[in-house]
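Chain and residue survey
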Amino acid sequence: MKFNRVEKFFFMATRLFTLVAVAASLGGALLMFYLGAENTFNAFAHQFTTSPKPVEGLPDDEATVISLMVALDNFLIGVVLLFFGYGVYGLFVRPDFNSRDLGLPEWLHVDQIGQLKQTLAEVIVVVLFVLFLRVALQTFQSGAGAITLADVGRFLMLPLAIVLLAAALRLVELHPKPRSKRNDSAPPTKSAGGS
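Residues numbered from 1 in each chain as written. Predicted model: local features only at pLDDT ≥ 70, side-chain atom pairs only at ≥ 80, totals over all residues. Heavy atoms only, no water.

1. Here's the deal with the overall build of the protein chain
A count of helices and strands for the protein chain gives five helices and zero strands. Along the protein chain, helices (α) and strands (β) appear in the sequence α-α-α-α-α when read from the amino end. Looking at the protein chain as a whole, 28% of its 195 residues are labelled buried. The contacts in the protein chain between residues at least 6 apart in sequence include a share of 71% that link residues at least 24 apart. (Helix = DSSP H or I, 4+ residues; strand = E, 2+ residues; numbered from the N terminus. Buried < 20%, exposed > 50% of the residue type's maximum accessible area, 1.4 Å probe, protein only. Contact = heavy atoms within 4.5 Å.)

Below, the structure is given as structure tokens:
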């Protein structure tokens, strides 16, 4: 069954809908880099100014550590949003997109949607880990006195979520198989002694 010109144009044009995702990802990346820079600035303010903005009653050192962890978290999410934007652009808008032509590193080239899924899942695990460290610092360093059962539940819920997500990532194996060096489309050669 052959498609006519209108059908071909329609289906080719619908690929351009993904430009919304690309633009939103790049805008989100810029926002996360801005928030990361702001949190880094706050970390310096906590450490070196006489009246830093307090972080939920924590001492200056812990407030600095939390601000830097949140900054790293924001930068990581920003990099992943860039990766997602480049990947969607390469998969849907310009399938012939070559990262080398633009001077980008080879790891930014996405061959299939599974690479985007894996990256997103790995970032969720790392974000939860950073959140766990933040909750741990706030729970044990805030000087609130006795730790409540709700604090213990919140404290234990995050490591359990991290372990379950990491196990699910391992079981599902979202990551793509490594590309082989040889041409996969070529039929295998027969051995000399074979028939």
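2. Re a nonpolar patch on the surface
Residues Ile147, Leu149, Val152 and Leu156 make up a contiguous nonpolar surface patch of roughly 400 Å² in combined accessible area. Relative to the helices and strands, Val152 resides in helix H5 (residues 149–172). Judged by its relative accessible area of 36%, Val152 is partly exposed. (Patch = residues over 30% accessible without salt bridge, like charges linked within 9 Å, V, L, I, M, F, W, Y side chains within 5 Å. Areas by Shrake-Rupley, 256 points an atom, 1.4 Å probe, with all protein chains shown as cover. Salt bridge = Lys/Arg side-chain N within 4 Å of Asp/Glu carboxyl O.)

3. Section: the side chain of Thr18
For Thr18, the position within the fold is in helix H2 (residues 18–48). Its relative accessible area of 17% is what places Thr18 among the buried residues.

4. Quick word on the environment of Gly28
Tracing the sequence through the fold places Gly28 in helix H2. Between the C-alpha atoms of Gly28 and Val79, which are 51 residues apart in sequence, the distance is 10.0 Å.

5. A closer look at H5
The first and last C-alpha atoms of H5 sit 34 Å apart over 24 residues, in line with the 34 Å expected at 1.5 Å per residue. Among the residues of H5, Phe155, Leu158, Ile162 and Leu169 are the ones counted as buried. (Expected span 1.5 Å × (residues − 1).)

6. Some words on the side chain of Asp73
You can see Asp73 is positioned in helix H3 (residues 60–93). When residues no more than four places from it in sequence are discounted, the contact partners of Asp73 are Val127 and Val130.

7. Re the environment of Gly87
Among the secondary structure elements, Gly87 is positioned in helix H3. Sequence-wise, Gly87 and Ile113 are 26 residues apart; in three dimensions their C-alpha atoms are separated by 8.1 Å. Residues contacting Gly87, with those up to four places away along its chain left out, are Val110 and Leu116.

8. Section: the packing of aromatic side chains
In total, this model carries two aromatic pairs according to the counting rule given. Aromatic pair Phe33 and Phe75: ring centres 6.2 Å apart, planes at 35°, arrangement tilted. Within this pair, whereas Phe33 is found in helix H2, its partner Phe75 is found in helix H3, the two being separated by 42 residues in sequence. (Phe/Tyr/Trp six-rings, centres within 6.5 Å; stacked < 30°, edge-to-face > 60°.)

9. A short note on the confidence of the model for the protein chain
Of all residues in the protein chain, 74% attain a pLDDT of 70 or more, and the chain-wide mean is 76. Predicted confidence is poor over residues 180–187, with pLDDT under 50, and the contacts of this stretch with residues over four places away or in other chains come to zero contacts. Contacts for the low-pLDDT stretch residues 190–195, under 50 throughout, to residues beyond four places or in other chains number one contact. (pLDDT = per-residue confidence, 0-100.)

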